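Here are the chains, one letter per residue:
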Amino acid sequence: VLDTSIVNVALDRISSALAAPVEGLQWVLSGYTLCFAALLLTGGWLGDRWSAKNVYLIGLGVFTFSSMLCGIAMNLPSLVAARAAQGVGAALLVPCSLKLIDHANPDPADRARAIGLWAVFGAIAMAAGPLIGGGIIDLLGWRSIFFVNAPIGIAGIAMTWRVSDQARSTARQSFDIAGQGTAIIGLVSTIGVLIEGQRAGWTSPSILIGMGMIPAAWAMFLIVEARQSFPMLPLQLFRNLVFSGCVYVSAASAFIFYGLLFILSLSFQQTRHYTPLCTGLALLPMTIMIALGSLTSASVARVLGARRSM
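Along each chain, the written sequence defines residue order, and numbers are assigned to residues from 1. For a predicted model such as this one, the threshold for reporting local features is a pLDDT of at least 70, and the threshold for listing and counting side-chain atom pairs is 80 or more; totals across whole chains, interfaces and linings nevertheless cover every residue. Excluded from the side-chain calculations are hydrogens and water; all other atoms, namely the structure's heavy atoms, are used.

Engineer: How should the pattern of salt bridges be read in this particular structure?
Structural biologist: Any two side chains of opposite charge can pair, given that their charged atoms come close. A pairing counts as a salt bridge when a side-chain nitrogen of Lys or Arg comes within 4 Å of a carboxyl oxygen of Asp or Glu. Applying the stated rule across the entire model yields 5 salt bridges. Here aspartate 138 makes a salt bridge to arginine 13, at a shortest N to O gap of 3.6 Å. One end of the pair, aspartate 138, is in helix H5 (residues 108–140); the other, arginine 13, is in helix H1 (residues 2–18), with 125 residues separating them in the sequence. Accessibility expressed as a relative area gives 32% for aspartate 138, which makes it partly exposed. Residues aspartate 48 and lysine 99 are paired through a salt bridge, measuring 2.7 Å at the closest nitrogen-oxygen approach. Here aspartate 48, found in helix H2 (residues 22–50), pairs with lysine 99, found in helix H4 (residues 76–104); they are 51 residues apart in sequence, far enough to count as distant. The buried label applies to any residue whose accessible area, calculated with a 1.4 Å probe on protein chains only, is under 20% of its type's maximum; exposed applies above 50%, and partly exposed to all values in between. Overall, aspartate 48 belongs to the partly exposed group, its relative accessible area being 32%. Under the scheme used here, helices are H or I runs from DSSP no shorter than 4 residues and strands are E runs no shorter than 2 residues, and both carry numbers assigned from the N terminus.

Engineer: Help me understand helix H11 (residues 276–304) in this model?
Structural biologist: Since the α-helix turns once every 3.6 residues, residues separated by three or four places project in the same direction. Given a helix with a known number of residues, its expected span is that number minus one, times 1.5 Å. Its 29 residues give H11 an end-to-end C-alpha distance of 39 Å, which sits within 8% of 42 Å, the value for a rise of 1.5 Å per residue. Residues Pro276, Thr279, Gly280, Leu283, Thr287 and Ala291 constitute the buried set of H11. As for H11, its buried residues are in contact with H1, H5 and helix H10 (241–271). Within two residues after H11, glycine 305 carries a phi angle of roughly 90°, on the positive side. Any pair of residues with heavy atoms lying within 4.5 Å of one another is described as a contacting pair.

Structural data, given as structure tokens:
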């Protein structure tokens, strides 16, 4: 989460250093989040098959190594590729971190507190990212925000070695390769059309082909998941109105927030000519409310109830 928010503040410096247009900067961010989103459920499946600890360590190692590749990238394509590799690492480690928390806290009350802390630190990272990133970029340049992941990643790997391993799942569930493939095609075509449509022209052949692929890929994904014995995304979950409502609200808030963070970061630096540190300070009134909301949400929910709080 810190890596997602911290890079926004570096976009103007990356644009100047690598001669990257706005579309290129969108790929710097989306290369990471696209792989993260596309492979997230697969990361959870691999954690069941190979043990959460093993997959978490692999994911953290991939994330740390690819962060170094981001820091030494000499052009835009190599930076986007390294960001995509970071997304792969994140997709492996995030679901497995929750599996490890679940394994380490068999008591439901302890587990709830642990997951609450997990979420709170994510919110703090979101709030601190632009400010920390702005300060580091002003002092050491934009590449430093990627190099700083190395000691954090190495420390995380050393700490994880001490965690007791989680047994692999005894259920021999087959990998949903058709679901994973159609999800990747759907996500890549959707994001690709949205990013490249303005530059290439909305009536250009490549964009029109992409537009045709979007509904076809997502329709095939739904058909595949409905017929799979062990689907990557069990569609029956959405019959639960609480689940569906929470997913919708989470998606809407993330859609708005991450898009706003991208636009505001560029606006502050390219239009108002703020330094990265001033940009981080300018974003602080917005991002700090996320951390405060996460810290107080449990208390508010106890008083008002989850539904009214939401």
